Amino acid sequence: MAEIHHIHNQDPNAGAEQRKAIWKTFWILLILTAVEFLIAFTVPHGILKVTIFIVMTIVKAFYIVGEFMHLKHETKSLIWSILVPVVFVAWLILALLLEGNAIFDAVFD
Amino acid sequence: MAANVTTPGAIEPKMWMGGIEPMKASYGKLMMWFFLISDTFTFSALLVAYGTARFSFPAFSGKAEDFTFSNMYWPIPEKVYEAVPFLHGVTLPLVFVGIMTFILIASSVTMVLAVEAGHRMDRESVEKYMLWTILGGFTFLGCQAWEWSHFIHGTDTGSVMKVIQDGVWVDKTVFGANLTENQYGPPAFADFFFFITGFHGTHVFSGVILNILIFFRSATGFYDKRGSYEMVEKVGLYWHFVDLVWVFVFTFFYLV
């Protein structure tokens, strides 16, 4: 915060670059969502489609967390203390999707 | 900040001597981040539970054109969400949810613009962008209310489901969905719809309340007197997180 106070409100160009980055992020998110929409109706359902969706979702998450939530510009220790716990989520996904498959095999096969 | 000030000639402040913000972030901001990490776990648990239920159920195996609603397999989402307000009877798959996604992304942009204006101590811009963000939040909630109402009331014709009544399998026409009956597929599908979008909607609602509080406090000059608009930034983190969750809900609930 401290360094921010040096930028004074009299200067109309203050933060112009930041605002440009914000709108750039907005367009990226908008275009990615539009492309997702297109893929939903053009690509046949299957592993390829799901993979594309997951990759695009992660890219969108990267822009929201990195730019909008400003995490990209924080200190390294803060970035890692937020990202590392997400590993547990990856484990949860793996464990429970395998479990779901096992239930399916037990009930319907 | 002020805590860093030491009397001249005193010892240089070092990392573990106190008075230094760890990770160069204020206490409030850091705690917001850690709260959001815990909220990430909650939402992940809900979405992963959805995945488990979906993987343990048969998927519809035929062509998308031949799809009909049945509780014997998991529905194709684009066949479920195809209604748009004021366009009764028109099939527009995923259009309404696309509009909702756009509204939330746009309100995230106005929020981050309010944060940026706060850095410049530009009260008028903070007020303007906070109002836009609040408007976006309310619009999203209104859309969700409509979506829920449509989901609960169902389509005109309903759909025929195989259910057990008095120990025998019978055909029954089901209209709409609740926690025990669901015309779009297995009851678990509706349960997850209500829990996941409902939990997200609750987050949006509390976010709007916080945004209104921030607007009120900047409009009354509270942050000018305090000399810092950092509260806008902290609530902004929460609001972006709500947007982030929606990106995942959109993919895993509506697209995949």
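All of these numbers come straight from a predicted model, not from anything done at the bench.

**Brief notes about the UniProt feature "transmembrane region" (unreviewed entry) in chain A**
Within this structure's numbering, the places UniProt gives as "transmembrane region" (unreviewed entry) are residues 21–41, 47–66 and 78–98 of chain A. In residues 21–41 of chain A, the share of helix is 100% and the share of strand is 0%. The end C-alpha atoms are 31 Å apart.

**Quick notes on the packing of aromatic side chains**
Residues and elements named next belong to chain B. Tallying each qualifying case throughout the model produces 40 aromatic pairs over all chains. The interplanar angle of 50° and the centroid separation of 5.0 Å between the aromatic rings of Phe43 and Phe199 together place this pair among those described as tilted. With Phe43 in helix 1 (residues 27–55) and Phe199 in helix 5 (residues 187–219), this pair connects stretches of sequence that are 156 residues apart. In this structure Phe199 comes out as partly exposed when scored by relative accessible area, which is 29%. Between Tyr50 and Phe192, the ring centres sit 5.7 Å apart and the planes meet at 85°, which makes this aromatic pair edge-to-face. On the criterion of sequence distance, the pair formed by Tyr50 in helix 1 and Phe192 in helix 5 is long-range, its members being 142 residues apart. Taken as a pair, Tyr50 and Phe192 share a single burial class, namely buried. Positioned above the aromatic ring of Phe222, the side-chain terminus of Arg217 is 4.0 Å from the ring centre.

**What about the pairing of strand 2 (residues 168–174) of chain B?**
Residues and elements named next belong to chain B. Bridging between strand 1 (residues 159–165) and strand 2 involves 7 bridges; their strand directions are antiparallel. Across the sheet, Ser159 pairs through a bridge with Val174, a residue of strand 2. Hairpin connection of strand 1 to strand 2: 2 residues between the antiparallel strands, including Asp166 at a positive phi of 50°.

**Concerning the interface of chain A and chain B**
Between chain A and chain B, the residue contacts involve 50 residues of the former and 53 residues of the latter. Surface buried jointly by chain A and chain B totals about 4800 Å² across both partners, of which 79% is contributed by carbon and sulfur atoms. Seen at the junction of chain A and chain B, the total is 2 salt bridges. When the shortest N-O distance is used, the salt bridge between Lys29 of chain B and Glu74 of chain A registers 3.3 Å. Inspection of the region where chain A meets chain B yields 6 residue pairs in polar contact (both at pLDDT 80 or more). Residue composition of the side of chain A that touches chain B, by class: 33 nonpolar, 12 polar and 5 charged.

**Considerations on the pattern of salt bridges**
Residue and element names in this part refer to chain B. For the structure shown, the criterion picks out 11 salt bridges over all chains. The partner of Asp122 in a salt bridge is Arg120, with the nearest N and O atoms 3.3 Å apart. Note on Asp122: relative accessible area 22%, which makes it partly exposed. With relative accessibility at 11%, the residue Arg120 sits in the buried group.

**Regarding empty space enclosed by the protein**
Where empty space is left becomes clear once a probe the size of a water molecule has been rolled over the atoms. On inspection of all chains with the given rule, the structure shows 1 cavity of 30 Å³ or more. Computed from the structure, the largest cavity encloses a volume of approximately 70 Å³. In terms of residue class, the lining of the largest cavity is built from 6 nonpolar, 1 polar and 2 charged.

**Some points on helix 1 (residues 16–42) of chain A**
For helix 1 of chain A, built from 27 residues, the straight-helix expectation of 39 Å at 1.5 Å per residue is met to within 8% by its first-to-last C-alpha distance of 39 Å. Restricting attention to buried positions, one finds in helix 1 of chain A the residues Ile22, Thr25, Phe26, Leu29, Leu32, Thr33, Glu36, Ile39 and Ala40 of chain A. Tucked inside the fold, the buried residues of helix 1 of chain A contact helix 2 (47–68) of chain A together with helix 2 (77–80), helix 3 (95–119) and helix 7 (230–255) of chain B.

**With respect to the UniProt feature "transmembrane region" (unreviewed entry) in chain B**
Residues and elements named next belong to chain B. In the numbering used here, UniProt assigns the feature "transmembrane region" (unreviewed entry) to residues 30–53, 94–117, 129–148, 192–216 and 237–255. Secondary structure across residues 30–53 divides into 100% helix and 0% strand, with the first and last C-alpha atoms of the span separated by 35 Å. A distance of 29 Å separates the end C-alpha atoms of residues 129–148, which is 100% helix and 0% strand.

**Overview of helix 7 of chain B**
Taking 1.5 Å per residue, 26 residues should reach 38 Å; helix 7 of chain B reaches 36 Å between its end C-alpha atoms and fits that length. Buried residues dominate helix 7 of chain B, accounting for 23 of its 26 residues.

**Some details on unusual backbone geometry**
Residue and element names in this part refer to chain B. Its identity as a non-glycine residue notwithstanding, Met23 has a phi of 60°, on the positive side. Mapping Met23 onto the fold places it in the segment before helix 1. Despite not being glycine, Phe86 has its phi angle at roughly 70°, a positive value. Checked against the element boundaries, Phe86 lands in the loop between helix 2 and helix 3.

What counts and how
- Along each chain, the written sequence defines residue order, and numbers are assigned to residues from 1.
- Chain letters and ligand numbers both follow the written order, the letters beginning at A and the numbers at 1.
- Since the coordinates come from a predicted model, pLDDT governs what is reported: local features require at least 70, and pairs of side-chain atoms require 80 or more to be given and counted, while whole-chain, interface and lining totals use all residues.
- Based on all heavy atoms of the structure, the side-chain values leave hydrogens and waters out of the count.
- UniProt positions are given in the numbering used here, feature names are shortened, and annotations may be inferred rather than shown by experiment.
- Numbering goes from the N terminus for both helices and strands, where a helix is a DSSP run of H or I of at least four residues and a strand is a run of E of at least two.
- Each aromatic pair joins two rings of Phe, Tyr and Trp (for Trp, the six-membered one) with centres within 6.5 Å, and gets the label stacked for planes under 30 degrees apart, edge-to-face for over 60, and tilted for any other angle.
- The buried label applies to any residue whose accessible area, calculated with a 1.4 Å probe on protein chains only, is under 20% of its type's maximum; exposed applies above 50%, and partly exposed to all values in between.
- Remark: a charge is flagged as sitting over a ring if the NZ atom of Lys or the CZ atom of Arg is within 6 Å of the ring centre and within 35 degrees of the ring normal.
- For two strands to be treated as a pair, DSSP must find at least two bridges joining them.
- We call two residues in contact whenever any of their non-hydrogen atoms come within 4.5 Å of each other.
- Accessible-area loss on putting two parts together, using a 1.4 Å probe and summing over both, is the definition of buried area adopted here.
- A side-chain nitrogen of Lys or Arg and a carboxyl oxygen of Asp or Glu constitute a salt bridge if their distance falls within 4 Å.
- Contacts described as polar in this section are N or O atom pairs within 3.5 Å, which, within protein, must combine one atom able to donate a hydrogen with one able to accept it, while residues neighboring in sequence count only if both atoms come from side chains.
- Residues were grouped as follows: Ala, Val, Leu, Ile, Met, Phe, Trp, Tyr, Cys and Pro as nonpolar; Asp, Glu, Lys and Arg as charged; and all remaining residues, including Gly, as polar.
- A pocket, in this scheme, is an open set of points on a 1 Å grid over the protein atoms alone with protein on both sides within 12 Å along at least 5 of 7 lines, while a cavity is a set where a 1.4 Å probe fits but cannot get out; residues line either one if an atom lies within 4 Å of a point.
- Grid points are joined across faces, edges and corners, and a volume is the space filled by probe spheres set on the points.
- Expected span of a helix, by definition, is 1.5 Å for each gap between consecutive residues, and there is one gap fewer than residues.

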